[in-house]
Every structure is written in C-alpha cells, then in structure tokens.
Amino acid sequence: MTAPALPDLGSEGSLKTQRTAAGADALAHSFLDNLFFVQGRSRDRATYNDLYMALAHTVRDRLVERWIQTVLNYRAQDVRVVCYLSAEFLTGPHLANNLINLGIYDEAEEAMRKLGLDLETLIEQEAEPGLGNGGLGRLASCFMDSLATLDIPAIGYGIRYEYGIFDQEIRDGWQVEATDKWLRLGNPWALERPEDAFEVKFGGRTERYSDGSSGFRVRWIPEKLVRGIPNDTPILGYRTNTANTLRLWSAQAVESFNFSSFNTGDFFAAVRDKVDSENISKILYPNDEQIKGKQLRLEQQFFFVSCSLQHIVKIQKAQERPLADLHRTFTIQMNDTHPAIAVAELMRLLVDENQMEWDSAWHVTTHTLSYTNHTLLPEALEKWPVPLFGALLPRHLEIIEEINRRHLEEVRSRFPGDEERVHRLSIIDESGERYVRMAHLATLGSHAVNGVAALHTDLLKTHVLRDFYELTPEKFSNKTNGVTPRRWMVLANPRLAHLLSRRLGHSWIHDLEKLRKLEPLVDDQDFAREWRNIKHHNKQRLAAYIYQTLGIAVDPDSMFDILVKRIHEYKRQHLKVLHILTLYKRIQRNPEIAMQPRTFIFGGKAAPGYHMAKLIIKLIHSIAAVIHGDPLVRDRLKIVFLPNYNVKLGQRVYPAADLSEQISLAGLEASGTGNMKFAMNGALTVGTLDGANIEIREEVGADNFFLFGLTAQEVEQKKAAGYNPRAIYEADPHLREIVDSLAAGEFSHGDRSLFEPLVQNLLNDDRFMLFADYQSYIDCQDRVGQSYRDTDHWTRMSILNVARIGKFSSDRAIRDYCAEIWKTWPVKIEI
Ligand code: NBG
C-alpha cells in the first residue's frame, strides 16, 4: 500500500524559540525539560548520567537548526562537497566542544550553577568515543572541526564500532585489555537513520551477460548481503552556522536474505548468519597488530566504503546531475589505505551498476579520489592475499586486474624492457604468495597523493612510492598535519586561552597565526608571571588527578617531562627509560649531585599482540617501583604511567607539560600531532629531526627547541655501512652499566629473564638505533635540565613556542587541502 502524499506541516518557527532560546535561564529551563521529557526522569531520581544526558540534549537542540540548514544548503547548486573516508574518527567527547563552538560555555556553567550543579562534573560523565587508535583517527576529527569552522561542505564517513579502542588497565605493571563499552549508557549525539540504509554485497561469483546494446556486462552474484545503517553526528564549526555530518555506518543483518536456512528448519544457522553480519562493525582493530589475512578487517573496509560511495552516487542522482560529473560535485579523500578499496568500488558502481564505459569511469574515479599516506613503516603497508581478496570481493579482484593490466601496459610502453620496474609498480605483488597492494591501488586511482609532513613526503617520493613518483610526479604534494586549537587550547587550557584573548582579542582562535602578536610580550614581566602561574595551575591540576587515580604524590614544582603516544619501538619510549636509568645511576654514584627534579609522565596503549611494546610498559612500571623505593632518589625522580591514555586524558596532559618528548628514530614518524598539541600549550620539545618536529623547529626557532640524534639520511648511511649496537655498548661505560643492570634483574627482583628479550634485541639488532642516539640524547637532556633552572629564559622560550605555532592549526592544513587538492570553497550558512 502506498502512503498518501504528505501534507504541508508549516514552518518550525515557534518550536525553535521554545526549545532553543538563548540565555542561562532558558538553558536551565530546557535542561529540566529534557531531563523530564527526553530522559524520562524525575529530578529526585536523576543520576549523574541522566543529568549529563539532559544537558547533551539541551545542547543538541541548539545545533539541530544549523545542522538541518547546512544539509539543505548542500543540496543547492554550486557546492562541492568534501567526503572524508576514514576507518577511524577519534572525536573525543562532544559536549564541552559543542558548548565552546556554540559560544554558550559560560551560560551553560551559569545555568548549571543556578541549579546547584557543576558543569565540569557533568562534562566528565561523557564516555569517550574511542573510535580510533591514535594520531590518524584524531587527525580526521581535527579536520572535521576545521572543515566546519571554515564553512567547507563536508561529510565524514566511517564505521560506528560498537567497541572502540580497548580500555587499558594496568595489573602488576602489565597492560591488560578490557572491552570499551562506550555505548553502554547511550549516545545522545548521533541520530540513527535506518531509512537511509544501503546494502553491501560479499562473496559469491560474477557472471557475464549481454545487455543487448553495448555488448557484455558483468553481474556480481553475492553470497551474502549486509545492511549499513547510518548514524549521523553533527560537527559544528567554531562560532559559525555550519554543522557538517559525521556519518558512521553500523552493520545489520539483512534478515530476509538467508531465508533458506529458516525454510530448511535450521533456525540456528540463520541466527548465526545474522550474528556474523553484525560482527562487521563490532570492534576496532588495534594497529600494529598483524592484520594480514584478517578477513573481518577487509570486510569492515569494504563495508563502510561501499555504503559511503552508494550514498554519494545516490545524492548525485537525486540532484539530477550526471554521474559523469561526479567529480565536480564531490571530492573524496582516502585517509590512509584503509578505504583504498574505494578505487575498485567506485569503478564497479559506475561500470557495472550504471553502465558507464570503462574509460569514462576511470576518468571520474581518478578525478574524484585522492589519497593521504600516513606511514613509512614497511610492515604497516596494507596488502591482502589474493585468494582471500578474491573470495570476499570477486568482482573487485577482476576490476583491479583490469586496472593493473592497463597500468602495466603503459609502464611497459614508457619504460621498455624494464621488467623490474613493472614488478615494482604492479598492484599485485607477485614476488611470492600473491598480494593486492593497497597503497599501489590508492596511488594509481587518485589524482593527488600526499604525505603529512615535509620530510615524510620527501621519503615517500624517494622510497616507499618512488616508482609512482617517477611515473606521475605531478600527483604528489605535501600537506603537513595540523590540530584544532579549539579542542587543544580553548577547551583543554581555558586559563591560557583567556590570557591570550585578553591580550590579543579572540581572533587567534580561528586564525592561529595571530599568536605572532605575542612576540612583543616576551619581555613583559607581568605577562611572563601570568604565563608561569597558568602552567603551574595546570600542573597542580594534573598532579591532583595523578594522586586521585594512582595515589602517587608528584611535585608541581618539578619539571613535568611527558611522553604520551601509542607504545611502539620506533617511537622509542625505551630510550626515555635509558635516560631515566642514566640519571638514577648518577645519583647513586654521587648522592650530592645537583639535579633538576623531574616527574616523568608516560601514557599510551600497546597493541594487544605486540609483545615488545607490552614489555616496555612493564619496564616503565618496574623501574618506577625501584626508583620510588629508593629514598636517595625519589624526591628527584618520579615516574608516572597514566593508564588508558585517550583524548580526555590528553586534554589534561598537554597543558601541564614543561617538556614534550618527540624522540622517534628519524625517518619513521610520518608527522606526529602530539608534538603540536604540546607546543601550543607552551611545552618545549626535545626531539629528533623527524616528521613535523622539523617544521616545528623551523617555526619556533632552533634556540627554542632541544634537538638531538641522527638525521634520516645519517640513519640510512649508518644502516648501509653495517650498524653495530654492541660496539657502542662496549665502548660506553655508562650505557653498559644501565644495560647490564637491566639484564642482571636489578629492576625485576633478580629475574634475569624478564627483560632479556629487550636487552638482547638492543644488543644484537637495535633496529630503531637507540644506542646510536643515546649519547646525543643524554647530552641534550642535560642541556634541558640546565635551561629549566633559568626560569625567565625558559618562560621566554615557552611563550615563543606558542607565538610561532600558528602553522600547525588544522585550519591551515584544511585550507591547503582545499586550495591544492579538493578545489573547493566555503559556503556560508544563513539561518
Ligand atoms: C600516523 C603516523 C603519525 C601521524 C598520524 C596522522 C598511522 C598509520 N599513522 O606520525 O604514525 O601524525 O598518522 O597523520 O597511524
């Protein structure tokens, strides 16, 4: 039965004023209203979660009009929409950020105060949506914030994992993983839109048929269908009306599909199929985990890519625009290779489902897609075994083979006789077991390929994607990462933000280069004092948190020396451990030695299957136990490992840092973004010439940055010449002493086996060249310790770091993408 045509329901005018009126009293009123009518709770029985939910709805109500208006506007003519495809979006909590972007934080605080409630306590209730591993997912969220702030039409597409990145607990110094049940108490920010669902095919076979006119076509007869349900979250820009959409897909079984099992009476098989389908969006894969051969991961990738591309094609058609113009309406960014299957899927949608000719489809595909690479580690480059790939996506394998055939034909004609090059450039790795190389597919299918910091892009051109660079140099460009100053300064460090706004006005918040105007203030004593007071306050706040959660008392007057990021050997948390042990031995040798007291703060998760990273966590706890037990040392060296490092905790940590540790082996950290967040909050960096560190140092000035270690080029040369860590160990008595103490069980109750894998690894291989950089690091840290004692000078350096950090706003990064890759422009939303 068809439903009757919808009547005209009139405009929303009066509704809006009641629900979304401005001012603290109106907020308080809506809050109580939402508590009762939306949350369904009486005031006397309300829990903190109820109160948080009521406030979240109160804020959401104030977003909705902008959101609807934004979406309506994008349906209008002459808009080019950025589609950001990313398997991860590490949004962090929404409430406080939305209050800031709406400009009603203070009003909300007042409204809650009038009701006897503390806004901060309510903000703390929000569960962290941990839908990402680290930098890559957080970058996607900073980009969404900047896109909205700059009024760029954009949709973020990803996966609504039911379980995000695991919760990290520490037991006896070891990491223990627990499932992250972020949706347990509901999510007030997302709207589920079951009517906008799409079906995704898996498995089965393909079949050729004649379409009568233009010849043969291919049909994919799948074995399984899964439905993708959109969950839409508004992403509001800072003090603007633009509210873009973050659309995360969750998987649902298509019940009617496997009815044959029901019919044969196999009820349990049918239910099992349902469960299998829904598994697709169950859990986020931790990175650094061997994912080769993990079929579910490929299913996830195809699932969200297919839903997103179908949605894009549907919008194009609904607007009655030809598919041949898809690249004029949409520009699609692939965030790393996780969505690289988009190349084949877009071809399939155009050629198989919309009867476009191959060449036209290839033109549209390559002009629509672009690709950002985020890693140089060879083991992190995704590749899928051909048999697995073909079984899951038989049609896509055919399409990829055809793309590859044409591509290699061209390579052969440009480089006749160079079969070596043909092998290197092939999308299919044929050197042993056959693999589909996703970075190759993404590069070939894109009109633009970028790295995320200058050095990283250079290394892409000269190493990882060198052959592609030689083939199509015009595709390659650099887009140095950036982070949003709204979350990482205004929200995380309100006192600093107030000081800056008082001195500079508010414009720095969306025009970070304005911070340059701080430079004349470096010699202003009052300003410097305020600056120090703020840092001290932030350190006290973190100290209180540490005391509450871990029972460790740390001194806010000590230097807060902080290393927070995923635990990985290339990031070299264990180099930091070698530094701590060096200081420890110095004090033991000479108890009277003058030394700047330091609090070393670590945070970060290790992939559950990455044993060495987990051992490093154990090592940090083990040296902490010994050092804290030593009365000679414990007032000078404190070691804290903050469990379950995440966005929320980052917001506490960056503003409290004196020293930011960015100590990866040069040439391995694509960019880093924590380095930017620290510097924005006035921490000084100790770092190698790696990733964005290089550009940070260029901006803030070499005098305001602590540099150590080999350059990427020296690393390469040393490796080529035959690197010998054991020789360094044997030649350096201090290094030998600490390595021997680890091996001897000094930090493991005499157990010599515990840290043996680590010690042996360093002595025999040391792939990440800790020993090569050891002395340089120690010397540099000695300079850091001395500098810190000159408070005035340190403050000056700190102010200059903030004054010169403007380049690292994600607003700048997004402007660069818009101008050079996306070719898009802002659209002001009027309400
Ligand atoms: C990470 C890099 C970081 C970089 C972020 C964001 C992956 C694969 N890469 O250096 O390791 O800052 O991406 O670009 O997570």
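Anyway, here's the lowdown on the structure attached to this text.

Conventions used here
Residues numbered from 1 in each chain as written. Predicted model: local features only at pLDDT ≥ 70, side-chain atom pairs only at ≥ 80, totals over all residues. Heavy atoms only, no water. Helix = DSSP H or I, 4+ residues; strand = E, 2+ residues; numbered from the N terminus. Rg over C-alpha atoms; globule rule 2.2 N^0.38 Å. Buried < 20%, exposed > 50% of the residue type's maximum accessible area, 1.4 Å probe, protein only. Contact = heavy atoms within 4.5 Å. Areas by Shrake-Rupley, 256 points an atom, 1.4 Å probe, with all protein chains shown as cover. Axes fitted to C-alpha atoms, helices over the stretch in contact; angles between N-to-C directions. Parallel < 35°, antiparallel > 145°, perpendicular 65-115°, else oblique. Nonpolar A, V, L, I, M, F, W, Y, C, P; charged D, E, K, R; others polar. Phe/Tyr/Trp six-rings, centres within 6.5 Å; stacked < 30°, edge-to-face > 60°. Lys NZ or Arg CZ within 6 Å of the ring centre and 35° of its normal. Pairing = 2+ DSSP bridges. Near = heavy atom within 4 Å. Polar contact = N/O pair within 3.5 Å; in protein donor to acceptor, adjacent residues only side chain to side chain. Salt bridge = Lys/Arg side-chain N within 4 Å of Asp/Glu carboxyl O.

The secondary structure content of the chain amounts to 34 helices and 23 strands. What you see for the chain is a C-alpha radius of gyration of 28 Å, in line with the 28 Å of a compact globule of 831 residues. Taking the principal axes of its C-alpha atoms as reference, the chain extends roughly 90 × 75 × 60 Å. The buried share of the chain, taken over its 831 residues, is 59%. The long-range share in the chain, meaning contacts at least 24 apart out of those at least 6 apart in sequence, stands at 77%. Split by element, the accessible area of the chain, about 32900 Å² in all, is 50% carbon and sulfur.

Glancing now at the packing of helix 21 (residues 494-504) against helix 22 (residues 525-550). Interaxial distance between helix 21 and helix 22 falls to 9 Å at its minimum, and their mutual angle equals 160 degrees. Overall, the two elements helix 21 and helix 22 adopt an arrangement that is roughly antiparallel. Contact residues: helix 21 offers R495, L496, L499, L500, R502 and R503, while helix 22 offers F527, E530, W531, I534 and H537. The class makeup of the residues in the contact of helix 21 with helix 22 is 6 nonpolar, 1 polar and 4 charged.

With that out of the way, let us pick up the packing of aromatic side chains. Applying the stated criterion to the full structure yields 16 aromatic pairs. Plain terms: the ring middles of F198 and W249 are 5.9 Å apart, the flat faces sit at 70 degrees to each other, and that makes the pair edge-to-face. Pair noted here: F198 is in strand 6 (residues 198-202) and W249 is in strand 10 (residues 243-253), with a separation of 51 residues, a long-range link. The same class applies to F198 and to W249, which are both buried. The rings of Y84, F143, Y817 and W822 are connected pair by pair, giving a single aromatic cluster. The ring of F202 has K224 lying over it, and the distance from NZ or CZ to the ring centre is 5.7 Å. When the ring centre of F166 is taken as reference, the NZ or CZ atom of K605 above it lies at 5.6 Å.

This part takes up the sheet that holds strand 13 (residues 383-385). Spatially, 3 strands are ordered 13-15-14 in an open sheet, and the strand pairing comes out antiparallel. Single-partner strands in this sheet number two, and they are strand 13 and strand 14 (428-429). With 3 bridges joining them, strand 13 and strand 15 (residues 435-437) adopt antiparallel strand pairing. Within strand 15, the residue paired with P385 across the bridge is Y435.

The next point concerns the site of the ligand. Around the ligand, the surrounding shell holds 13 residues, and the nearest of these are H374, N481, E669, S671 and G672. One nitrogen or oxygen atom from the main chain of A670 is found 3.4 Å from an oxygen atom belonging to the ligand. A distance of 3.0 Å separates an oxygen atom of the ligand from a polar backbone atom of S671. For the ligand, whose accessible area on its own is 380 Å², the fraction buried by protein is 86%. Per-class residue counts for the shell around the ligand are 5 nonpolar, 6 polar and 2 charged.

This part is about the pattern of salt bridges. A full pass over the atoms with the stated rule returns 66 salt bridges. Between D145 and R486 there is a salt bridge, with the nearest N and O atoms lying 2.9 Å from each other. Here D145, found in helix 7 (residues 135-149), pairs with R486, found in helix 20 (residues 485-491); they are 341 residues apart in sequence, far enough to count as distant. A residue is classified by how much of its surface remains accessible, and D145, at 4% relative accessible area, is buried. Judged by relative accessible area, which is 0%, R486 ranks as buried.

On to the environment of L684, then. Along the chain, L684 turns up in strand 22 (residues 684-687). Accessibility expressed as a relative area gives 0% for L684, which makes it buried. The spatial distance from the C-alpha of L684 to the C-alpha of N704 is 7.1 Å, given a sequence separation of 20 residues. Among residues more than four places away in sequence, those in contact with L684 are D658, L659, S660, N704, F706, W794, M797, S798 and N801.

The values are spatial; any link to function lies outside them.
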